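Structural overview for review
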Amino acid sequence: VLKVVENLGVSYIRGSEPYKTKLGSELRKLKFPYRALAEDDYEARRKDHISHFILRLAYCQSEDLRRWFLQQEMDLLRYRFNELTDSLRQKFLDYVNLSFEAITEDLKNELANELCVSTPGLTMNKVKEQMFYKVGLADAVDLFRARRVFIKDGFAYVPLKEIDAIVLNNYRTKLSKALALTARSLPSIQSDERLQPLLNHLSHSYVGPDYSVQKNTGKIALEQIDALSVKSFPLCMRQLHKALRDNHHLRHGGRMQYGLFLKGIGLTLEQALEFWKKEFIRGKVDADKFDKGYAYSIRHSYGKEGRRTDYTPYSCMKIIMSNPPSQGDYHGCPFRHSDPELLKQKLQLYKIPPSGITQILELVKGMHYQLACQKYFELTHDVDDIGFSLNHPNQYFTESQRLLSGGREMKKELGNSGNSQKSNTQESMNSNCTPTSSNTTADAELEGLEAYFTED
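Here the structure is a predicted model, which is why all the values come from computation and not from measurement. (Residues numbered from 1 in each chain as written. Predicted model: local features only at pLDDT ≥ 70, side-chain atom pairs only at ≥ 80, totals over all residues. Heavy atoms only, no water.)

Considering the overall build of the chain
- From N to C terminus, the chain includes 27 helices and four strands.
- Here the chain, with 456 residues, has 45% of them falling under the buried criterion.
- Long-range contacts, defined as pairs at least 24 residues apart, comprise 64% of the intrachain contacts of the chain with a sequence gap of at least 6.
- Put simply, the chain shows about 24200 Å² of open surface, and 51% of that area lies on carbon and sulfur atoms. (Helix = DSSP H or I, 4+ residues; strand = E, 2+ residues; numbered from the N terminus. Buried < 20%, exposed > 50% of the residue type's maximum accessible area, 1.4 Å probe, protein only. Contact = heavy atoms within 4.5 Å. Areas by Shrake-Rupley, 256 points an atom, 1.4 Å probe, with all protein chains shown as cover.)

Shown next, in the form of C-alpha coordinates:
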(Lines give C-alpha, C1' and ligand atoms only; values in the text may rest on other atoms or scores of the structure.)
Protein backbone atom coordinates (compact mmCIF):
# COMPACT_ATOMS: atom_id res chain seq x y z
CA VAL A 1 0.00 0.00 0.00
CA LEU A 2 2.71 2.48 0.96
CA LYS A 3 4.64 1.74 -2.23
CA VAL A 4 1.50 2.58 -4.24
CA VAL A 5 1.17 5.81 -2.24
CA GLU A 6 4.79 6.69 -3.04
CA ASN A 7 4.49 5.93 -6.77
CA LEU A 8 1.33 7.99 -7.16
CA GLY A 9 2.86 10.81 -5.11
CA VAL A 10 5.62 11.26 -7.67
CA SER A 11 3.41 10.58 -10.71
CA TYR A 12 0.53 12.94 -9.85
CA ILE A 13 0.11 16.19 -7.96
CA ARG A 14 -0.87 15.18 -4.42
CA GLY A 15 -4.42 16.16 -3.57
CA SER A 16 -5.49 16.62 -7.20
CA GLU A 17 -8.60 14.86 -8.46
CA PRO A 18 -6.64 12.44 -10.73
CA TYR A 19 -4.41 11.58 -7.73
CA LYS A 20 -7.37 10.89 -5.43
CA THR A 21 -9.23 8.89 -8.06
CA LYS A 22 -6.21 6.75 -8.90
CA LEU A 23 -5.27 6.21 -5.25
CA GLY A 24 -8.81 5.17 -4.36
CA SER A 25 -8.83 2.73 -7.27
CA GLU A 26 -5.46 1.23 -6.29
CA LEU A 27 -6.44 0.86 -2.64
CA ARG A 28 -9.59 -0.99 -3.65
CA LYS A 29 -7.53 -3.33 -5.84
CA LEU A 30 -5.29 -4.07 -2.87
CA LYS A 31 -8.37 -4.59 -0.66
CA PHE A 32 -6.96 -2.03 1.77
CA PRO A 33 -9.66 -1.08 4.34
CA TYR A 34 -9.27 2.68 3.93
CA ARG A 35 -12.99 3.15 4.65
CA ALA A 36 -13.01 0.86 7.69
CA LEU A 37 -14.00 3.69 10.02
CA ALA A 38 -16.88 4.78 7.81
CA GLU A 39 -18.09 1.22 7.45
CA ASP A 40 -17.56 0.44 11.15
CA ASP A 41 -15.60 -2.68 10.26
CA TYR A 42 -13.78 -3.74 13.43
CA GLU A 43 -11.83 -6.61 11.87
CA ALA A 44 -10.60 -4.43 8.99
CA ARG A 45 -9.47 -1.73 11.44
CA ARG A 46 -7.70 -4.37 13.52
CA LYS A 47 -5.72 -5.59 10.49
CA ASP A 48 -4.93 -2.00 9.57
CA HIS A 49 -3.56 -1.33 13.06
CA ILE A 50 -1.51 -4.53 13.21
CA SER A 51 0.02 -3.91 9.78
CA HIS A 52 0.95 -0.34 10.78
CA PHE A 53 2.80 -1.47 13.90
CA ILE A 54 4.59 -4.28 12.05
CA LEU A 55 5.80 -1.75 9.48
CA ARG A 56 6.73 0.65 12.27
CA LEU A 57 9.08 -2.04 13.60
CA ALA A 58 10.51 -2.69 10.15
CA TYR A 59 11.00 0.96 9.15
CA CYS A 60 12.47 2.36 12.36
CA GLN A 61 15.84 0.75 11.67
CA SER A 62 17.55 3.69 9.93
CA GLU A 63 17.04 7.38 9.24
CA ASP A 64 16.27 6.76 5.55
CA LEU A 65 13.68 4.10 6.34
CA ARG A 66 12.04 6.30 8.98
CA ARG A 67 11.89 9.24 6.57
CA TRP A 68 10.36 7.11 3.81
CA PHE A 69 7.80 5.52 6.12
CA LEU A 70 6.80 8.86 7.64
CA GLN A 71 6.24 10.49 4.25
CA GLN A 72 4.06 7.67 2.91
CA GLU A 73 2.03 7.43 6.14
CA MET A 74 1.41 11.19 6.01
CA ASP A 75 0.19 11.02 2.42
CA LEU A 76 -2.06 8.06 3.22
CA LEU A 77 -3.54 9.79 6.28
CA ARG A 78 -4.22 12.96 4.28
CA TYR A 79 -6.20 10.98 1.75
CA ARG A 80 -8.13 8.98 4.34
CA PHE A 81 -8.91 12.05 6.47
CA ASN A 82 -10.29 13.98 3.51
CA GLU A 83 -12.46 11.00 2.52
CA LEU A 84 -14.32 11.04 5.87
CA THR A 85 -17.81 12.47 6.22
CA ASP A 86 -18.24 15.59 8.40
CA SER A 87 -19.53 13.60 11.36
CA LEU A 88 -16.77 10.97 11.13
CA ARG A 89 -14.15 13.69 10.76
CA GLN A 90 -15.38 15.26 13.99
CA LYS A 91 -15.41 11.84 15.65
CA PHE A 92 -11.82 11.26 14.55
CA LEU A 93 -10.66 14.65 15.87
CA ASP A 94 -12.25 13.93 19.25
CA TYR A 95 -10.68 10.47 19.35
CA VAL A 96 -7.14 11.80 18.82
CA ASN A 97 -7.69 14.58 21.38
CA LEU A 98 -7.78 17.39 18.84
CA SER A 99 -10.89 19.05 20.17
CA PHE A 100 -11.69 21.24 17.21
CA GLU A 101 -15.37 22.07 16.94
CA ALA A 102 -17.02 22.80 13.64
CA ILE A 103 -18.73 26.20 13.96
CA THR A 104 -22.48 26.49 13.43
CA GLU A 105 -24.02 27.85 10.25
CA ASP A 106 -25.34 30.84 12.18
CA LEU A 107 -21.89 31.78 13.47
CA LYS A 108 -20.37 31.25 10.03
CA ASN A 109 -22.93 33.58 8.46
CA GLU A 110 -22.24 36.15 11.16
CA LEU A 111 -18.49 36.05 10.49
CA ALA A 112 -18.75 35.52 6.73
CA ASN A 113 -17.12 38.84 5.73
CA GLU A 114 -14.19 38.42 8.14
CA LEU A 115 -13.65 34.80 7.06
CA CYS A 116 -13.66 35.76 3.40
CA VAL A 117 -11.15 38.60 3.86
CA SER A 118 -8.85 36.68 6.22
CA THR A 119 -8.71 33.34 4.38
CA PRO A 120 -6.71 33.42 1.10
CA GLY A 121 -8.35 31.77 -1.89
CA LEU A 122 -11.91 31.86 -0.55
CA THR A 123 -14.73 33.81 -2.16
CA MET A 124 -17.96 34.54 -0.33
CA ASN A 125 -19.66 31.61 -2.06
CA LYS A 126 -16.85 29.27 -1.05
CA VAL A 127 -17.04 30.50 2.54
CA LYS A 128 -20.71 29.49 2.62
CA GLU A 129 -19.85 26.04 1.20
CA GLN A 130 -16.78 25.43 3.38
CA MET A 131 -16.83 24.01 6.90
CA PHE A 132 -14.82 25.99 9.48
CA TYR A 133 -13.30 24.79 12.75
CA LYS A 134 -12.64 26.76 15.92
CA VAL A 135 -9.04 26.00 16.84
CA GLY A 136 -6.85 27.20 19.72
CA LEU A 137 -4.01 29.46 18.61
CA ALA A 138 -1.35 27.05 19.91
CA ASP A 139 -2.46 24.47 17.32
CA ALA A 140 -2.69 26.97 14.48
CA VAL A 141 0.56 28.90 14.93
CA ASP A 142 1.83 28.20 11.39
CA LEU A 143 -1.45 29.27 9.79
CA PHE A 144 -1.64 32.36 12.00
CA ARG A 145 1.97 33.29 11.21
CA ALA A 146 1.26 32.99 7.49
CA ARG A 147 -1.93 35.09 7.90
CA ARG A 148 -4.12 32.37 6.46
CA VAL A 149 -6.88 32.34 9.10
CA PHE A 150 -9.27 34.67 10.92
CA ILE A 151 -8.46 35.23 14.62
CA LYS A 152 -10.99 36.18 17.28
CA ASP A 153 -10.96 35.88 21.09
CA GLY A 154 -7.88 33.65 21.13
CA PHE A 155 -9.20 31.20 18.53
CA ALA A 156 -8.38 30.63 14.87
CA TYR A 157 -11.23 29.88 12.49
CA VAL A 158 -9.69 27.29 10.18
CA PRO A 159 -11.36 26.10 6.96
CA LEU A 160 -11.60 22.39 6.24
CA LYS A 161 -8.98 22.66 3.50
CA GLU A 162 -6.45 23.79 6.14
CA ILE A 163 -7.48 21.59 9.08
CA ASP A 164 -5.75 18.56 7.58
CA ALA A 165 -2.43 20.44 7.82
CA ILE A 166 -2.89 20.71 11.60
CA VAL A 167 -3.86 17.05 11.87
CA LEU A 168 -0.87 15.98 9.76
CA ASN A 169 1.61 18.10 11.73
CA ASN A 170 0.28 16.56 14.93
CA TYR A 171 0.57 13.07 13.43
CA ARG A 172 4.08 13.71 12.09
CA THR A 173 5.29 14.79 15.54
CA LYS A 174 3.78 11.79 17.29
CA LEU A 175 4.90 9.25 14.69
CA SER A 176 8.45 10.65 14.59
CA LYS A 177 8.74 10.27 18.36
CA ALA A 178 7.20 6.79 18.22
CA LEU A 179 9.67 5.65 15.54
CA ALA A 180 12.59 6.98 17.59
CA LEU A 181 11.35 5.13 20.68
CA THR A 182 10.82 1.94 18.67
CA ALA A 183 14.35 2.20 17.30
CA ARG A 184 15.68 2.14 20.87
CA SER A 185 13.95 -1.19 21.39
CA LEU A 186 15.60 -2.76 18.35
CA PRO A 187 18.41 -4.56 20.21
CA SER A 188 15.92 -6.77 22.04
CA ILE A 189 14.05 -7.47 18.80
CA GLN A 190 17.22 -8.21 16.83
CA SER A 191 18.00 -11.06 19.23
CA ASP A 192 14.73 -12.79 18.26
CA GLU A 193 15.45 -15.12 15.35
CA ARG A 194 11.77 -15.29 14.45
CA LEU A 195 11.27 -11.55 13.96
CA GLN A 196 14.51 -10.07 12.63
CA PRO A 197 14.63 -11.83 9.21
CA LEU A 198 11.00 -10.90 8.61
CA LEU A 199 11.52 -7.23 9.54
CA ASN A 200 14.65 -6.96 7.42
CA HIS A 201 12.82 -8.50 4.48
CA LEU A 202 9.91 -6.08 4.87
CA SER A 203 12.11 -3.01 5.09
CA HIS A 204 13.93 -3.97 1.88
CA SER A 205 10.87 -5.03 -0.08
CA TYR A 206 9.13 -1.75 -0.74
CA VAL A 207 11.54 1.20 -0.81
CA GLY A 208 12.95 0.12 -4.17
CA PRO A 209 16.58 -0.52 -5.12
CA ASP A 210 19.18 1.35 -3.10
CA TYR A 211 21.80 1.12 -5.89
CA SER A 212 24.48 0.02 -3.41
CA VAL A 213 24.96 -3.13 -5.53
CA GLN A 214 26.66 -1.93 -8.69
CA LYS A 215 25.36 -3.76 -11.73
CA ASN A 216 27.62 -1.84 -14.15
CA THR A 217 30.86 -1.88 -12.15
CA GLY A 218 33.77 -1.14 -14.44
CA LYS A 219 31.61 -0.64 -17.55
CA ILE A 220 32.05 3.14 -17.56
CA ALA A 221 35.28 4.75 -18.70
CA LEU A 222 36.27 8.04 -17.05
CA GLU A 223 36.40 9.64 -20.50
CA GLN A 224 32.66 9.03 -20.89
CA ILE A 225 31.55 10.98 -17.83
CA ASP A 226 31.45 14.43 -19.48
CA ALA A 227 29.18 13.17 -22.27
CA LEU A 228 27.04 11.14 -19.89
CA SER A 229 26.53 14.17 -17.63
CA VAL A 230 24.81 15.97 -20.52
CA LYS A 231 22.77 13.03 -21.81
CA SER A 232 21.86 10.94 -18.77
CA PHE A 233 22.53 12.76 -15.49
CA PRO A 234 19.61 14.27 -13.55
CA LEU A 235 19.88 18.03 -13.08
CA CYS A 236 21.26 17.71 -9.53
CA MET A 237 24.19 15.59 -10.70
CA ARG A 238 24.74 17.58 -13.87
CA GLN A 239 25.01 20.68 -11.67
CA LEU A 240 27.57 19.00 -9.40
CA HIS A 241 29.62 17.73 -12.35
CA LYS A 242 29.76 21.18 -13.95
CA ALA A 243 30.73 22.80 -10.63
CA LEU A 244 33.52 20.23 -10.19
CA ARG A 245 34.85 20.84 -13.71
CA ASP A 246 34.63 24.64 -13.29
CA ASN A 247 36.08 24.93 -9.78
CA HIS A 248 38.16 21.73 -9.54
CA HIS A 249 36.71 21.23 -6.07
CA LEU A 250 33.49 20.36 -4.25
CA ARG A 251 32.69 20.71 -0.56
CA HIS A 252 31.90 17.67 1.56
CA GLY A 253 28.14 17.63 0.85
CA GLY A 254 28.74 17.78 -2.88
CA ARG A 255 31.48 15.14 -2.80
CA MET A 256 29.23 12.74 -0.88
CA GLN A 257 26.16 13.25 -3.08
CA TYR A 258 28.05 13.12 -6.38
CA GLY A 259 30.61 10.51 -5.34
CA LEU A 260 27.97 8.01 -4.23
CA PHE A 261 26.00 8.64 -7.43
CA LEU A 262 29.09 7.84 -9.51
CA LYS A 263 29.66 4.76 -7.40
CA GLY A 264 26.06 3.71 -8.12
CA ILE A 265 26.41 4.08 -11.90
CA GLY A 266 29.45 1.80 -11.90
CA LEU A 267 32.70 3.61 -11.02
CA THR A 268 35.10 1.30 -9.22
CA LEU A 269 37.07 2.52 -6.20
CA GLU A 270 40.22 2.80 -8.33
CA GLN A 271 38.36 4.84 -10.96
CA ALA A 272 36.84 7.10 -8.31
CA LEU A 273 40.22 7.84 -6.75
CA GLU A 274 41.67 8.63 -10.19
CA PHE A 275 38.69 10.77 -11.21
CA TRP A 276 38.68 12.95 -8.06
CA LYS A 277 42.46 13.24 -7.86
CA LYS A 278 42.86 14.36 -11.49
CA GLU A 279 40.24 17.07 -10.99
CA PHE A 280 41.38 18.31 -7.58
CA ILE A 281 45.06 18.66 -8.55
CA ARG A 282 43.98 20.93 -11.40
CA GLY A 283 42.90 23.37 -8.69
CA LYS A 284 44.56 24.34 -5.41
CA VAL A 285 45.06 20.80 -4.04
CA ASP A 286 48.36 19.06 -4.76
CA ALA A 287 48.70 15.28 -5.05
CA ASP A 288 50.12 14.86 -1.54
CA LYS A 289 47.32 16.88 0.07
CA PHE A 290 44.72 14.88 -1.86
CA ASP A 291 46.18 11.56 -0.71
CA LYS A 292 46.22 12.72 2.90
CA GLY A 293 42.98 14.70 3.06
CA TYR A 294 40.53 13.31 0.51
CA ALA A 295 41.45 9.77 -0.57
CA TYR A 296 40.48 8.33 2.83
CA SER A 297 36.87 9.61 2.58
CA ILE A 298 36.50 8.11 -0.91
CA ARG A 299 37.73 4.71 0.31
CA HIS A 300 35.45 5.13 3.33
CA SER A 301 32.38 5.64 1.09
CA TYR A 302 33.23 2.37 -0.68
CA GLY A 303 33.33 0.53 2.66
CA LYS A 304 37.12 0.09 2.71
CA GLU A 305 37.88 2.24 5.77
CA GLY A 306 36.45 2.95 9.21
CA ARG A 307 33.43 0.83 10.08
CA ARG A 308 33.51 -0.71 6.59
CA THR A 309 30.03 0.60 5.85
CA ASP A 310 29.19 0.32 2.15
CA TYR A 311 27.40 3.66 1.68
CA THR A 312 24.30 3.88 -0.48
CA PRO A 313 23.69 6.55 -3.17
CA TYR A 314 21.26 9.23 -2.01
CA SER A 315 17.59 8.96 -2.99
CA CYS A 316 15.54 11.95 -4.16
CA MET A 317 13.78 12.11 -0.80
CA LYS A 318 17.06 12.26 1.11
CA ILE A 319 18.46 14.96 -1.18
CA ILE A 320 15.29 17.05 -0.95
CA MET A 321 14.70 16.75 2.77
CA SER A 322 18.17 16.76 4.37
CA ASN A 323 21.35 18.86 4.43
CA PRO A 324 20.26 21.91 2.37
CA PRO A 325 23.12 23.67 0.55
CA SER A 326 24.59 26.92 1.84
CA GLN A 327 26.61 29.61 0.07
CA GLY A 328 29.31 27.99 -2.05
CA ASP A 329 27.65 24.56 -2.08
CA TYR A 330 26.33 22.81 -5.18
CA HIS A 331 24.64 19.76 -3.69
CA GLY A 332 20.92 19.36 -3.01
CA CYS A 333 18.00 19.35 -5.44
CA PRO A 334 18.00 22.27 -7.91
CA PHE A 335 14.20 22.14 -8.08
CA ARG A 336 13.96 22.36 -4.27
CA HIS A 337 16.92 24.52 -3.31
CA SER A 338 17.57 26.87 -6.26
CA ASP A 339 16.12 30.34 -6.61
CA PRO A 340 13.41 30.13 -9.33
CA GLU A 341 15.10 32.77 -11.47
CA LEU A 342 18.46 30.98 -11.31
CA LEU A 343 16.73 27.69 -12.09
CA LYS A 344 15.07 29.31 -15.10
CA GLN A 345 18.44 30.56 -16.38
CA LYS A 346 19.96 27.12 -15.93
CA LEU A 347 17.15 25.45 -17.85
CA GLN A 348 17.51 28.03 -20.64
CA LEU A 349 21.24 27.28 -20.77
CA TYR A 350 20.42 23.59 -21.21
CA LYS A 351 18.12 24.38 -24.18
CA ILE A 352 14.83 23.53 -22.46
CA PRO A 353 12.00 25.11 -24.52
CA PRO A 354 10.14 28.07 -22.93
CA SER A 355 6.88 26.12 -22.61
CA GLY A 356 8.75 23.34 -20.81
CA ILE A 357 10.44 25.80 -18.46
CA THR A 358 7.03 27.25 -17.58
CA GLN A 359 5.69 23.78 -16.78
CA ILE A 360 8.70 22.96 -14.61
CA LEU A 361 8.50 26.26 -12.70
CA GLU A 362 4.77 25.72 -12.05
CA LEU A 363 5.52 22.30 -10.57
CA VAL A 364 8.31 23.80 -8.46
CA LYS A 365 5.98 26.54 -7.24
CA GLY A 366 3.57 23.82 -6.10
CA MET A 367 6.49 22.04 -4.33
CA HIS A 368 6.23 19.03 -6.67
CA TYR A 369 10.00 18.67 -7.04
CA GLN A 370 10.13 15.07 -8.26
CA LEU A 371 7.43 15.78 -10.84
CA ALA A 372 9.53 18.73 -12.02
CA CYS A 373 12.48 16.35 -12.42
CA GLN A 374 10.29 13.91 -14.35
CA LYS A 375 9.24 16.76 -16.65
CA TYR A 376 12.94 17.62 -17.12
CA PHE A 377 13.58 13.98 -18.11
CA GLU A 378 10.72 14.05 -20.64
CA LEU A 379 11.92 17.32 -22.18
CA THR A 380 15.59 16.28 -22.43
CA HIS A 381 14.72 12.86 -23.84
CA ASP A 382 11.87 14.02 -26.09
CA VAL A 383 9.25 11.64 -24.68
CA ASP A 384 5.66 12.42 -23.71
CA ASP A 385 5.46 10.11 -20.70
CA ILE A 386 8.43 8.49 -18.97
CA GLY A 387 6.30 5.58 -17.78
CA PHE A 388 7.80 5.29 -14.29
CA SER A 389 7.81 7.10 -10.95
CA LEU A 390 11.13 8.85 -10.43
CA ASN A 391 12.51 8.64 -6.90
CA HIS A 392 16.29 8.20 -7.26
CA PRO A 393 19.04 9.94 -9.30
CA ASN A 394 20.55 6.57 -10.21
CA GLN A 395 17.14 5.42 -11.44
CA TYR A 396 17.12 8.52 -13.69
CA PHE A 397 20.52 7.49 -15.11
CA THR A 398 19.50 3.85 -15.62
CA GLU A 399 16.23 4.75 -17.35
CA SER A 400 17.99 7.34 -19.52
CA GLN A 401 20.58 4.81 -20.65
CA ARG A 402 17.89 2.24 -21.31
CA LEU A 403 15.98 4.72 -23.45
CA LEU A 404 19.01 6.04 -25.34
CA SER A 405 20.36 2.57 -26.08
CA GLY A 406 17.02 1.20 -27.25
CA GLY A 407 16.38 -0.90 -24.18
CA ARG A 408 19.94 -2.21 -23.97
CA GLU A 409 22.47 -1.59 -21.21
CA MET A 410 25.16 1.00 -21.81
CA LYS A 411 28.23 -0.20 -23.67
CA LYS A 412 31.69 0.63 -22.41
CA GLU A 413 32.91 1.20 -25.95
CA LEU A 414 30.87 1.66 -29.09
CA GLY A 415 32.44 -1.40 -30.69
CA ASN A 416 31.54 -3.74 -27.85
CA SER A 417 27.98 -4.94 -27.52
CA GLY A 418 26.57 -5.11 -24.00
CA ASN A 419 24.05 -7.42 -22.41
CA SER A 420 20.41 -6.66 -22.88
CA GLN A 421 18.55 -4.81 -20.14
CA LYS A 422 16.32 -7.79 -19.60
CA SER A 423 19.28 -10.10 -19.11
CA ASN A 424 20.98 -7.63 -16.82
CA THR A 425 17.85 -7.04 -14.78
CA GLN A 426 17.35 -10.77 -14.36
CA GLU A 427 20.98 -11.12 -13.33
CA SER A 428 20.52 -8.32 -10.80
CA MET A 429 17.40 -9.94 -9.43
CA ASN A 430 19.25 -13.20 -9.08
CA SER A 431 22.17 -11.57 -7.28
CA ASN A 432 19.97 -9.51 -4.98
CA CYS A 433 17.23 -12.03 -4.34
CA THR A 434 18.98 -15.39 -4.22
CA PRO A 435 17.27 -16.87 -1.19
CA THR A 436 19.34 -17.81 1.78
CA SER A 437 17.77 -19.96 4.45
CA SER A 438 16.74 -16.91 6.48
CA ASN A 439 15.33 -15.12 3.42
CA THR A 440 13.38 -18.21 2.40
CA THR A 441 11.80 -18.29 5.84
CA ALA A 442 11.11 -14.57 5.65
CA ASP A 443 9.51 -14.98 2.22
CA ALA A 444 7.20 -17.67 3.52
CA GLU A 445 6.28 -15.62 6.58
CA LEU A 446 5.73 -12.51 4.47
CA GLU A 447 3.41 -14.44 2.14
CA GLY A 448 1.47 -15.55 5.21
CA LEU A 449 1.18 -11.96 6.40
CA GLU A 450 0.03 -10.74 2.99
CA ALA A 451 -2.58 -13.50 2.84
CA TYR A 452 -3.85 -12.49 6.28
CA PHE A 453 -4.16 -8.81 5.45
CA THR A 454 -5.87 -9.39 2.09
CA GLU A 455 -8.51 -11.82 3.33
CA ASP A 456 -12.04 -10.70 2.62
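Considerations on the side chain of Arg 238
- Here Arg 238 is to be found in helix H15 (residues 235–247).
- Within the buried core, Arg 238 has no salt-bridge partner, and the shortest N-O distance to an opposite charge, that of Asp 226, equals 10 Å.
- Not counting residues within four places of it along the chain, the set of residues in contact with Arg 238 comprises Ser 229, Val 230, Phe 233, Tyr 350 and Tyr 376. (Lys, Arg positive; Asp, Glu negative; His and termini not counted. Salt bridge = Lys/Arg side-chain N within 4 Å of Asp/Glu carboxyl O.)

Some details on the nonpolar core
- Formed by 54 residues in total, the largest nonpolar core has its most connected members in Phe 233, Tyr 258, Trp 276, Phe 335 and Tyr 376.
- Not counting residues within four places of it along the chain, the set of residues in contact with Tyr 258 comprises Ile 225, Phe 233, Met 237, Leu 240, His 241, Leu 244, Leu 250, Phe 275 and Trp 276.
- Counting 24 residues, the second-largest nonpolar core is a separate cluster that includes Ala 58, Leu 175, Leu 186 and Leu 199. (Core = buried A, V, L, I, M, F, W, Y, C linked by side-chain atoms within 4.5 Å.)

Focus: the environment of Phe 388
- Along the chain, Phe 388 turns up in the loop between helix H24 (369–381) and helix H25 (393–404).
- Phe 388 sits in the buried class, given a relative accessible area of 15%.
- Along the primary structure Phe 388 and Asn 7 are separated by 381 residues, whereas in three dimensions their C-alpha atoms are 8.2 Å apart.
- Filtering out sequence-adjacent residues up to four positions away, Phe 388 remains in contact with Gln 374, Phe 377, Gln 395 and Glu 399.

As for the UniProt feature "binding site: [4Fe-4S] cluster" (unreviewed entry) in the chain
- Within this structure's numbering, the places UniProt gives as "binding site: [4Fe-4S] cluster" (unreviewed entry) are Cys 236, Cys 316, Cys 333 and Cys 373. Across 138 residues in sequence, these annotated residues keep their C-alpha atoms within 9.8 Å of one another, forming a single compact spot.
- As for its placement among the helices and strands, Cys 333 is situated in the loop between helix H20 (316–321) and helix H21 (334–337).
- Classification of Cys 333 by relative accessible area gives buried; the value is 10%.
- Apart from the residues within four sequence positions on either side, Cys 333 is in contact with Ile 319, Ile 320, Ser 338 and Tyr 369.
- Checked against the element boundaries, Cys 373 lands in helix H24.
- For Cys 373, a relative accessible area of 11% corresponds to the buried category.
- The residues touching Cys 373, leaving out its near neighbours within four places in the chain, are Phe 335, Leu 390 and Tyr 396. (UniProt positions renumbered as here; feature names shortened; annotations may be inferred.)

Details of H25
- Under the 1.5 Å per step criterion, the end-to-end length of H25 is 17 Å for twelve residues, consistent within 8% with the ideal 16 Å.
- Counting buried positions along H25 gives nine out of twelve residues, so the element sits mostly inside the fold.
- Three or more residues of H25 are buried, namely Pro 393, Asn 394, Gln 395, Tyr 396, Phe 397, Thr 398, Glu 399, Ser 400 and Gln 401.
- At the exit of H25 stands Gly 406, carrying a positive phi of roughly 65 degrees. (Expected span 1.5 Å × (residues − 1).)

A short note on the pattern of salt bridges
- On inspection of all chains with the given rule, the structure shows 21 salt bridges.
- Among the ionic pairs, Glu 43 bridges to Arg 46, the shortest N-O distance being 3.3 Å. On the criterion of helical spacing, the pair formed by Glu 43 and Arg 46 is a turn pair, its members being three residues apart in helix H4 (residues 42–58).
- With a relative accessible area of 35%, Arg 46 lands in the partly exposed category.

A look at the side chain of Lys 375
- Relative to the assigned elements, Lys 375 resides in helix H24.
- Ignoring sequence-local partners within four residues, the contact set of Lys 375 consists of Gln 359, Ile 360 and Leu 363.

Structural notes on the packing of H15 against helix H16 (residues 252–265)
- At their nearest, the axes of H15 and H16 sit 10 Å apart, and the two run at 115 degrees to each other. Judged by the angle between their axes, H15 and H16 are roughly perpendicular. When you trace H15 past H16, the crossing you get is left-handed. Contacts between H15 and H16 pair Cys 236, Met 237, Leu 240, His 241 and Leu 244 from the former with Gly 254, Gln 257, Tyr 258 and Phe 261 from the latter.
- Here the residues of the contact of H15 with H16 sort into six nonpolar, three polar and no charged. (Axes fitted to C-alpha atoms, helices over the stretch in contact; angles between N-to-C directions. Parallel < 35°, antiparallel > 145°, perpendicular 65-115°, else oblique. Left-handed = near helix turned anticlockwise from the far one by under 90°. Nonpolar A, V, L, I, M, F, W, Y, C, P; charged D, E, K, R; others polar.)

A closer look at the packing of H4 against helix H11 (residues 160–184)
- Viewed as axis vectors pointing N to C, H4 and H11 meet at an angle of 60 degrees, and their least axial separation amounts to 9 Å. Comparing their axes, H11 and H4 come out oblique. Handedness of the crossing formed by H4 with H11: right-handed. Residues His 52, Arg 56 and Leu 57 of H4 lie in contact with H11, whose contacting residues are Tyr 171, Leu 175, Ala 178, Leu 179 and Thr 182.
- Considered class by class, the residues forming the contact of H4 with H11 number five nonpolar, two polar and one charged.

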